[in-house]
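Residue strings, one per chain:
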Amino acid sequence: MTSFLLRRLAQSIVLLLIVSVIGFALLHLTPGGPLSQFANTPGMTDEDLNRLAEQMGLNRPLPVQYLEWFGRMLTGDWGRSYRDESPVLFVIGSRLGATLELMVTATLIAVLVGGFVGVVGAVRRYSIFDQCVTIGAMVALSIPTFWFGLVVIYLFSVKLGWLPPGNISPVGNESFLVFLHHLIGPSMVLGLVTTAIWSRFMRSSMLDVINQDYVRTARAKGLSERIVLVKHVLRNALLPMITIAGLELPTLLSGALVTETVFTWPGMGRLFLDSIGYRDYPVVMGLLTFTAILVIIGNLLADMLYVVADPRIRLQ
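Below is a summary of the structure that appears in this document. (Residues numbered from 1 in each chain as written. Predicted model: local features only at pLDDT ≥ 70, side-chain atom pairs only at ≥ 80, totals over all residues. Heavy atoms only, no water.)

Some remarks on the overall build of the chain
Rules: A run of DSSP states H or I qualifies as a helix once it reaches four residues; a run of E qualifies as a strand once it reaches two. Both are numbered from the N-terminal end. A 1.4 Å probe rolled over the protein chains alone gives each residue an accessible area, and that area as a share of the maximum for its type sets the label: buried under 20%, exposed over 50%, partly exposed in between. Residue contacts are defined here by distance: any two heavy atoms, one from each residue, within 4.5 Å place the two residues in contact. Accessible areas in this description were obtained via Shrake-Rupley with a 1.4 Å probe; residue shielding takes into account the shown protein chains only.
Looking only at helices and strands, one finds 13 helices and zero strands in the chain. The order of α-helices and β-strands along the chain, N terminus first, is α-α-α-α-α-α-α-α-α-α-α-α-α. In the chain, buried positions account for 41% of the 316 residues. Put simply, 73% of the contacts in the chain that link residues at least 6 apart link residues at least 24 apart. Looking at the chain as shown, the accessible area adds up to about 17700 Å², and 67% of this sits on carbon and sulfur atoms.

A look at the environment of M188
If you trace the backbone, M188 turns up in helix α8 (residues 176-210). In sequence terms M188 and T105 are 83 residues apart; their C-alpha atoms lie 8.6 Å from each other. Residues contacting M188, with those up to four places away along its chain left out, are I109, F148, V152 and F156.

Some words on the packing of helix α6 (residues 128-142) against α8
As a reminder of what qualifies: Lines fitted to the C-alpha atoms define the axes, with helices restricted to the stretch that makes contact. Angles between their N-to-C directions range from 0 to 180 degrees. Orientation is classified from the angle alone, with under 35 degrees giving roughly parallel, over 145 giving roughly antiparallel, 65 to 115 giving roughly perpendicular, and any other angle giving oblique. In this scheme the handedness of a crossing depends on how the near helix is turned from the far one: anticlockwise by less than a right angle means left-handed, clockwise means right-handed. Each residue gets one of three labels, nonpolar for Ala, Val, Leu, Ile, Met, Phe, Trp, Tyr, Cys and Pro, charged for Asp, Glu, Lys and Arg, and polar for the others, Gly among them.
Packing of α6 against α8 brings their axes to within 8 Å, and their N-to-C directions diverge by 135 degrees. On the basis of the axis angle, α6 is oblique to α8. Judged by the twist between their axes, the crossing of α6 over α8 is left-handed. Contact with α6, carried on its side by D130, V133, T134, A137, M138, A140 and L141, involves V193, A196, I197, S199, R200 and R203 of α8 and no other residues of that element. Classifying every residue of the contact of α6 with α8 by side-chain character gives eight nonpolar, two polar and three charged.

Quick look at the packing of aromatic side chains
What counts, and what does not: For Phe, Tyr and Trp, where Trp contributes only its six-membered ring, two rings pair if their centres lie within 6.5 Å, and the inter-plane angle classes them as stacked under 30 degrees, edge-to-face over 60, or tilted in between.
Counting across every chain of the model gives six aromatic pairs. Relative to W69, the ring of Y66 has its centre 6.0 Å away and its plane inclined at 35 degrees; by these criteria the two rings are tilted. Here Y66 and its partner W69 are both found in helix α4 (residues 62-74), three residues apart, which amounts to about one turn of the helix. With a centroid separation of 6.0 Å and an interplanar angle of 45 degrees, the aromatic rings of F156 and W162 are classed as tilted. Here the aromatic cluster, defined as three or more aromatic residues joined through ring pairs, consists of F24, Y66, W69 and F70.

A word on the nonpolar core
We count it as follows: Nine residue types can take part in a nonpolar core, namely buried Ala, Val, Leu, Ile, Met, Phe, Trp, Tyr and Cys, and a core is a set of them joined through side-chain atoms within 4.5 Å.
In this structure, W69, W78, I92, M268, V283, L287 and F290 are the most contacted members of the largest nonpolar core, which totals 19 residues. Among the secondary structure elements, those contributing two or more residues to this core are α1 (2-29), α4, α5 (88-123), α11 (268-277) and α12 (281-309). Excluding residues within four positions of it along the chain, M268 makes contact with I92, R95, L96, T99, E260, L287, F290 and L294.

Notes on α5
As a reminder of what qualifies: Helix span is expected to be 1.5 Å times the residue number reduced by one. Here the bend at a residue means the angle between the axes of two seven-residue stretches, the one that ends at it and the one that starts at it.
A rise of 1.5 Å per residue sets the reference length of α5, with its 36 residues, at 52 Å; its end C-alpha atoms lie 50 Å apart and thus fit the reference within 8%. L96 marks the point of greatest bend in α5, at about 35 degrees.

Brief notes about the layout of surface pockets
A probe matching the size of a water molecule, rolled over the atoms, marks out where space remains unfilled. What counts here: As defined here, a cavity is a set of points on a 1 Å grid over the protein atoms alone where a 1.4 Å probe fits but cannot get out. A pocket is an open set with protein on both sides within 12 Å along at least five of seven lines, and residues line them when an atom is within 4 Å of a point. Grid points are joined across faces, edges and corners, and a volume is the space filled by probe spheres set on the points.
Looking at the largest pocket, its volume works out to about 520 Å³. M56, R72, G79, Y82 and P282 are, among the 22 residues lining the largest pocket, the residues nearest its centre. When residues of the lining of the largest pocket are traced back to their parent elements, those giving at least two are α1, α3 (46-56), α4 and α12. With four residues, α4 is the single largest residue contributor to the lining of the largest pocket. Class assignment of the residues belonging to the lining of the largest pocket gives a composition of 11 nonpolar, six polar and five charged.

Remarks on a nonpolar patch on the surface
Definition in use: Patches were defined on residues exceeding 30% relative accessible area and lacking a salt bridge, with like-charge contacts within 9 Å and nonpolar side-chain contacts (Val, Leu, Ile, Met, Phe, Trp, Tyr) within 5 Å. By salt bridge we mean one thing: a side-chain nitrogen of Lys or Arg within 4 Å of a carboxyl oxygen of Asp or Glu.
A surface patch of nonpolar side chains, amounting to about 510 Å² of accessible area, comprises L100, V104, L108, V111, L112 and V113. Among the structural elements, L108 can be located in helix α5.

Regarding the pattern of salt bridges
Summed over all chains, the structure comprises four salt bridges. Close ionic contact of R203 with D130 constitutes a salt bridge, the shortest N to O distance being 2.8 Å. Residue R203 is located in helix α8, and its partner D130 is located in helix α6; the two are separated by 73 residues in the primary sequence. Note on accessibility: R203 and D130 belong to one class, buried. One salt bridge in this structure joins R216 and D213, with 2.3 Å as the shortest N-O distance. Pair noted here: R216 and D213 are both in helix α9 (residues 213-220), with a separation of three residues, about one helical turn. Given the relative accessible area of 46%, R216 is considered partly exposed.

Structure below.
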C-alpha cells in the first residue's frame, strides 16, 4: 500500500509542475501582459513602464521568471497582489472558507440525495420512479449552472421572497442562522446539479454489483433482502464512488466559480474572475496553483480511502 501511495504522490508532483508551467506561460503570453493595467494610468510613460518591468522582474526571459516564482512559492512567498500589495496567500485564505463552506454543503446534498436516488433507482429498475429520475438527471445535466442560478434567484428571491438574492450575509448581522439562510440558494444550485451525476453513477454501480454471483449466493442462503442490499450490494457499490468523489472535485470547483459569481458569494471562484478582470496575475496564478493542489490532494485522499476500503489493492 505504501509503494502504491508513493507512486501516486510522485505522479501528482509531476502533474503539479506541468499545470504550473502551462498556467504561468499562458498568463504571461496573453495580449497586454501584466503591465497592461498600468499602461492606461494617466501620466504613465514608456520609461515608467520599463522601470516597473525592471522592479517586477518582467523584463527577464520567461523561463527565468518561472523558476524565480516557483522557488519563492516553495518558501511560502506566492507574491503580492497588484491591487493592494496584500500577500497572495492572505488573499486566497480570506476567500477559502466561503468556498469550502459552499462545496461541503453542496457535496453533502449531492451524496445524500444522489446516493439515495441511485440506490432506489437500481433496486426498482425501469419503474416509474427510475424513469422519472433518469429524465430529471438528464435535464439537470443539460441545464447551465448560471441559468439555473438565475432562475432560483428570480423565483425564490424576486417573486417569493423566501431567499436572499446573494452575498454571504448582510453587514452587521452575521449570525449563524442568517448565514445558513444565504447558503441555501447557492448550495442548492451547485448541489442539485452534482446530484444528477452522483445518482447516475450510483445507479450504474449498484446494477453492476446486484447481478454478481456472490449476491445470488447470499440470497440463496436465505438472507433478508435488506441485509443483502446493505451488506453485500451497497458496500461493494460504494467502492467506485470513492474514485468518483475525487474526480468530481474539479467539477465542483468549476461549478463553484459560476455559482459564486451568480450569487455574489465571496469565495475563490469570484476572486478568480475579479482578478482576471483586474489583470492581477499573481493572484490568478496563485489561485490556479492552489486549485491544482486541492484537486491533487482530493485525488490522493480518494486513493487512500480506496486502498483502505478494497483489500485487493492492499494484497497487490
